[in-house]
Amino acid sequence: MHLTLSQVGVLYKTIGFISTIFGAYIGGFLLPTLGVYRGLLIFGIFQALANLAFVALSYYGGISWLVIFAVTLDLGASGMATVALVASLMTLCDVRYTAAQFALFTAIMSIGRIATGPLAAFAVIQWGWGWMFGLGFILSLPSLCVLPKVRSMLPQPLPSNFTNSGLRQMDFIVTGK
């Protein structure tokens with residue numbers, strides 16, 4: 001089964017949008033418990049593994065359930081990883097310069113996406129989709145290996161009593177009551 005460009009577009013925009021929002025929601029729900037480090041690690045592994053679904057898709061063809069699975073997994077993992085990445089960037093910002101530093105960090109973060117686009121096109125032309133996604137999986141591993149080195153810079157999970165006393169303390173800080 002080969003999908004038309006219209007079918008791929010509709011599939012990616014509908015299922016992809018829902019998966020991204022749902023992934024971001026799950027990531028936001030789990031991140032306070034996991035902490036930024038474990039969130040980056042777990043969600044990063046999940047996102048790396050999503051590339052393997054596209055490797056399978058390239059070898060087994062456009063089987064509709066496999067397409068839906070690959071898109072759902074990829075964009076759901078992307079939503080979860082984005083939550084962890086934004087949280088990690090915010091922890092690196094100084095409160096006095098948050099807007100400028102966050103803008104700088106996100107601009108630096110986009111360099112990889114911009115630089116790898118032409119390289120990905122070259123990889124697809126030379127080796128095909130399966131090898132390109134396999135290479136993407138392999139290239140994601142060094143970033144996961146660097147995470148333990150930066151662990152001390154990231155906040156740990158919130159204390160278990162944060163839900164009650166922590167929220168009251170936050171409310172006091174914000175409202176003064």
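Just above sits the structure.
Every chain begins its residue count from 1, and numbering advances along the sequence as written. Given that this is a predicted model, residues contribute local features only at a pLDDT of at least 70 and side-chain atom pairs are listed and counted only at 80 or more, while totals for whole chains, interfaces and linings are drawn from all residues. Think of the side-chain values as coming from all heavy atoms in the structure, minus any hydrogens and water.

### Concerning the packing of helix α1 (residues 5–60) against helix α4 (residues 129–150)
For any two helices packed against each other, one specifies the crossing angle of their axes together with the interaxial distance.
Item 1. Interaxial angles span 0 to 180 degrees and are taken between N-to-C directions of axes, which are lines fitted to C-alpha atoms, for helices over the stretch in contact. Only DSSP runs of H or I covering at least 4 residues are called helices, and only runs of E covering at least 2 are called strands; the numbering of each starts at the N terminus. Remark: α1 packs on α4, axes separated minimally by 8 Å, with the N-to-C direction vectors making an angle of 170 degrees. Taken as axis vectors, α1 and α4 run roughly antiparallel relative to one another. The chirality of how α1 crosses α4 is left-handed. Reported orientations rely on four angle classes, namely roughly parallel under 35 degrees, roughly antiparallel over 145, roughly perpendicular from 65 to 115, and oblique for the rest. Rotating anticlockwise by less than a right angle from the far helix to the near helix defines a left-handed crossing, while the corresponding clockwise rotation defines a right-handed one.

### Looking at the nonpolar core
Item 1. Counting residues in hydrophobic clusters, the biggest one holds 16 residues, and the most contacted among them are Phe54, Leu57, Val67, Ala70, Val71, Met132 and Phe133.
Item 2. Ranked by size, the runner-up nonpolar core spans 14 residues in total, among them Tyr37, Ala81, Leu144 and Leu154. Within this scheme, the nonpolar core is defined by two criteria: the residues are buried Ala, Val, Leu, Ile, Met, Phe, Trp, Tyr or Cys, and they are joined through side-chain atoms within 4.5 Å. To sort residues, take the accessible area from a 1.4 Å probe on protein chains only and compare it with the maximum for the residue type: under 20% means buried, over 50% means exposed, and anything in between is partly exposed.

### Let's talk about the environment of isoleucine 63
Item 1. Mapped onto the elements of the fold, isoleucine 63 is located in the loop between α1 and α2 (64–92).
Item 2. Given a relative accessible area of 33%, isoleucine 63 falls into the partly exposed group.
Item 3. Sequence separation between isoleucine 63 and leucine 3 is 60 residues; the distance between their C-alpha atoms is 9.0 Å.

### A look at the packing of aromatic side chains
To describe a pair of aromatic rings, one takes the distance between the centres and the angle between the planes.
Item 1. Between 30 and 60 degrees the pair is tilted, below 30 it is stacked and above 60 it is edge-to-face, where a pair is any two Phe, Tyr or Trp rings, Trp via its six-membered ring, whose centres lie within 6.5 Å. All told, the structure shown has three aromatic pairs when counted by the stated rule.
Item 2. Here phenylalanine 54 and phenylalanine 133 contribute two aromatic rings whose centre-to-centre distance is 4.8 Å and whose plane-to-plane angle is 20 degrees, an arrangement assigned as stacked. Separated by 79 residues along the polypeptide, phenylalanine 54 in helix α1 and phenylalanine 133 in helix α4 bring together distant segments of the chain.
Item 3. Centroid distance phenylalanine 122 to tryptophan 127: 6.0 Å. Interplanar angle 80 degrees. Geometry classified as edge-to-face.
Item 4. In this structure phenylalanine 122 comes out as partly exposed when scored by relative accessible area, which is 46%.
Item 5. Through a chain of ring-to-ring contacts, the aromatic side chains of Phe54, Trp129 and Phe133 assemble into a single cluster.

### Let's talk about the side chain of asparagine 51
Item 1. Mapping asparagine 51 onto the fold places it in helix α1.
Item 2. The buried category is assigned to asparagine 51, whose relative accessible area is 15%.

### Considering a nonpolar patch on the surface
Item 1. Two joining distances apply to patches: 9 Å for like charges and 5 Å for nonpolar side chains (Val, Leu, Ile, Met, Phe, Trp, Tyr), and every residue must have over 30% relative accessible area and no salt bridge. Surface accessibility follows the Shrake-Rupley procedure with a 1.4 Å probe radius. Residue values consider only the protein chains on display as shielding. Salt bridges are defined as contacts in which a side-chain nitrogen from Lys or Arg sits within 4 Å of a carboxyl oxygen from Asp or Glu. Taken together, the side chains of Tyr59, Tyr60, Ile63, Trp65, Phe69, Phe122, Trp127, Trp131, Leu135 and Leu139 present a nonpolar region at the surface, about 1,200 Å² in accessible area.
Item 2. Sorting elements by how many residues they give to the nonpolar patch places α4 first, with three residues.
Item 3. Along the chain, the position of leucine 135 falls in helix α4.
Item 4. Here leucine 135 falls in the partly exposed class, since its relative accessible area comes to 35%.

### A closer look at helix α3 (residues 98–127)
Item 1. Along its 30 residues, α3 runs 43 Å from first to last C-alpha, staying within 8% of the 44 Å computed at 1.5 Å per residue.
Item 2. The largest bend along α3 reaches roughly 35 degrees and is located at glycine 117, with the proline proline 118 sitting one to four residues downstream.
Item 3. Listed in full, the buried residues belonging to α3 are Ser110, Ala123 and Val124.
Item 4. Here, residues are in contact when the closest pair of their heavy atoms is within 4.5 Å. Packed against the buried residues of α3 are α4. Multiply 1.5 Å by the residue count of a helix minus one, and that product is the helix's expected span. We define the bend at any residue as the angle between the axes fitted to the seven residues before and including it, ending there, and the seven starting there.

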